[in-house]
Amino acid sequence: MELIELLGERSHPKQPSGTLLRRIEYPKFILDEYSLELNGLESVPAYFIKPVGVSGPYPTIIFNHSHGGDFIHGKDEVINGASYLQTPSFAETFSELGFAVWAIDAWGFGERGGINESELYKEFLLKGHTLWGMRLFDLVSLIDYLETREDIDSNRLATLGMSMGGLLSWWLSAIDKRIKVTIDIAAQVDIETLIENRRLDHHGFYYYIPKLLKYYSTASIQEKIAPRPRMSLVGKNDTMCFPTGVEKLKNHLIDVYKKQEKQDHFMSLSLTGGHMETTEMRAYWTDFLKKHL
């Protein structure tokens, strides 16, 4: 069975499209607020951020926000950050690098709130979907939409996020080869290791997919990203990224990239810190983006 089939049925829009709602100018970037049609069920609030003084078509980051149990905030994490993220904001950092950014509210977050995640999860299951799949499918449709825009260099797309956003990043890259560079922070989670160590409850139920382990291991999903550039950053004290699982995936993927003679395209680093983005991590991933995107 194909991995994408396990994510449940996909709800398609007639044609991915976007409507510009408002423009706000910041010192280092321009923020365009959009309403996107990505799934045929509800409009998707989105941010398009482009650097001041730089002309397109832009190499572009798809930024995926974290979870944190905070459903009020979603895509605005790219501008406002969070207590566990570094400053300056992702928007400023990407703009200084000359990259554009797209960020959307995931199902149930930000301007798509008003319904409990647990109820959304149950409703989707009853209708043949999975919540994780629906969150990913919106991102796939976002890529479809970006390919229609002349101001986006669709051959230079990257994805980045932390925690849930990091999980979305490597999953998106595994199911969609149009992503050229993948960076995940605090999201290197081996499901089999969670089971072995009784840690499934350390992650939200939204992430679990019926029958997944009958057909795929975590490692076999992640190897689909190779040989494209991938950086995975975790804190040594991050209890959500169980250390033996991080090491297991690292060793497997080093072999995968080595066999494809692309050893320099994969980096997995366990650094000082917990479930957070540290200054050290920020330095590593900015260098990785500059090199590969």
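Going by the structure above, here's the rest.
Quick summary incoming for the structure in this document.

About the thresholds
Residues numbered from 1 in each chain as written. Predicted model: local features only at pLDDT ≥ 70, side-chain atom pairs only at ≥ 80, totals over all residues. Heavy atoms only, no water. Buried < 20%, exposed > 50% of the residue type's maximum accessible area, 1.4 Å probe, protein only. Helix = DSSP H or I, 4+ residues; strand = E, 2+ residues; numbered from the N terminus. Arc of directions from axis to C-beta. Contact = heavy atoms within 4.5 Å. Pairing = 2+ DSSP bridges. Axes fitted to C-alpha atoms, helices over the stretch in contact; angles between N-to-C directions. Parallel < 35°, antiparallel > 145°, perpendicular 65-115°, else oblique. Nonpolar A, V, L, I, M, F, W, Y, C, P; charged D, E, K, R; others polar. Salt bridge = Lys/Arg side-chain N within 4 Å of Asp/Glu carboxyl O.

**Looking at helix H4 (residues 117-126)**
Turn by turn, an α-helix covers 3.6 residues, leaving residues three or four places apart pointing in a common direction.
1) Next: Inspection of H4 places Glu117, Leu120, Tyr121 and Phe124 among the buried residues, and these make up the whole buried set. One face of H4 carries all of its buried residues, which in axial projection span an arc of 100°. Within H4, the exposed residues directed more than 90 degrees away from the buried face are Lys122 and Leu126.
2) Next: Those residues of H4 that are buried lie in contact with helix H5 (131-146).
3) Next: Count one or two residues on from H4 and you reach Gly128, which has phi positive near 90°.

**A look at the sheet that holds strand S4 (residues 58-64)**
1) Next: In space, the nine strands of this open sheet follow the order S1-S2-S3-S5-S4-S6-S7-S8-S9, with mixed pairing throughout. Strand pairing shows two members of the sheet lacking a second neighbour, strand S1 (17-25) and strand S9 (266-271), which therefore form its edges. When strand polarity is set aside, the average angle formed by the axes of neighbouring strands in this sheet is 20°.
2) Next: The pairing of strand S3 (residues 43-51) with strand S5 (residues 100-104) spans four bridges and is antiparallel. Following the sheet pairing, Phe48 is matched in S5 by Trp102.
3) Next: Sitting on the sheet, helix H10 (residues 243-259) touches strand S8 (230-235) and S9, and the angle it makes with S9 is about 160°.

**Section: the packing of H4 against H5**
1) Next: As a packed pair, H4 and H5 sit with axes 8 Å apart at the nearest point and diverge in direction by 90°. Classified by the interaxial angle, the pair formed by H4 and H5 is roughly perpendicular. For the pair H4 and H5, the contacting residues are Glu117, Leu120, Tyr121 and Phe124 in the first and Leu131, Met134 and Arg135 in the second.
2) Next: Among the residues making up the contact of H4 with H5, the classes are represented as five nonpolar, no polar and two charged.

**Thoughts on the pattern of salt bridges**
1) Next: Throughout the structure, instances matching the rule amount to 20 salt bridges.
2) Next: We note a salt bridge from Asp32 to Lys50, for which the minimum N-O separation is 3.9 Å. Pair noted here: Asp32 is in strand S2 (residues 29-37) and Lys50 is in strand S3, with a separation of 18 residues, a long-range link. The two residues Asp32 and Lys50 agree in class, both being buried.
3) Next: Here Asp144 ties to Arg178 by a salt bridge, and the two come within 2.8 Å at their closest N and O atoms. Residue Asp144 is located in helix H5, and its partner Arg178 is located in the loop between helix H6 (164-175) and strand S7 (181-185); the two are separated by 34 residues in the primary sequence.
4) Next: The class for Asp144 is partly exposed, based on a relative accessible area of 25%.
5) Next: Through salt bridges with shared partners, a single network forms among Arg10, Asp144, Glu147, Asp176 and Arg178.

**What to know about the pairing of S4**
1) Next: The buried count for S4 comes to seven of seven residues, which makes it a mostly enclosed element.
2) Next: Pairing analysis gives six bridges linking S4 to strand S6 (residues 152-162), with the strands arranged parallel. From the neighbouring strand, Ile62 faces S6, where its bridge partner is Thr159.
3) Next: Note: S4 against S5, four bridges, orientation parallel. Residue pairing for S5: Ile62 is matched across the bridge by Trp102.

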